[in-house]
Amino acid sequence: MPRSNRHRRPEHAPLRSAAATRRESAADGDWVVRSVPGSAAGKDYRCPGCQQLIRAGTGHVVTWPADDLGSVADRRHWHVSCWSARSRRRPG
């Protein structure tokens, strides 16, 4: 039988920033908040707070409802300042 020299990827690889995950409670609910350093930010995202792009290489936070256990569909990438100011912003 021929030997395979290819490395197999694990089915689940933990995020490098997993140590920077915390829970926050606010008027809008309980959230899991993960800090993403600029060195680990490899894609552009749209911030729901200001509707501006978070460019690859920019540190930011990823949030999701605490009761949802991190469903990918519910994760949102925010500028740190937009996340901190979300209670002072008007909807829309």
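Now for a description of the structure that goes with this document.

About the criteria used
- Residues numbered from 1 in each chain as written.
- Predicted model: local features only at pLDDT ≥ 70, side-chain atom pairs only at ≥ 80, totals over all residues.
- Heavy atoms only, no water.
- Core = buried A, V, L, I, M, F, W, Y, C linked by side-chain atoms within 4.5 Å.
- Buried < 20%, exposed > 50% of the residue type's maximum accessible area, 1.4 Å probe, protein only.
- Helix = DSSP H or I, 4+ residues; strand = E, 2+ residues; numbered from the N terminus.
- Contact = heavy atoms within 4.5 Å.
- Phe/Tyr/Trp six-rings, centres within 6.5 Å; stacked < 30°, edge-to-face > 60°.

**Describing the nonpolar core**
- The biggest cluster of nonpolar side chains holds 8 residues, and these are Trp31, Val33, Cys47, Ile54, Val61, Trp78, Cys82 and Trp83.
- Counting residues per element, the ones that place at least two in this core are strand 2 (29-36) and helix 1 (80-84).
- Look past the residues within four positions of Ile54 in its chain and what remains in contact with it is Lys43, Asp44, Tyr45, Cys47, His60, His77, Trp78 and His79.
- In terms of nonpolar packing, the next biggest core, distinct from the first, is built from 6 residues, Val32, Val62, Trp64 and Ala66 among them.

**Side note on unusual backbone geometry**
- A positive phi angle, close to 65°, is found at Gln51, a residue other than glycine.
- Its place among the elements puts Gln51 in the loop between strand 3 (45-46) and strand 4 (53-54).
- The class for Gln51 is partly exposed, based on a relative accessible area of 46%.

**Overview of the packing of aromatic side chains**
- Under the criterion given, the structure shown has 2 aromatic pairs.
- Residues Trp31 and Trp83 carry aromatic rings whose centres are separated by 5.6 Å and whose planes lie at 85° to one another, so their mutual orientation is edge-to-face. In this pair, Trp31 sits in strand 2 while Trp83 sits in helix 1, placing the two residues 52 residues apart along the sequence. Take Trp31 and Trp83: they sit in the same class, and that class is buried.

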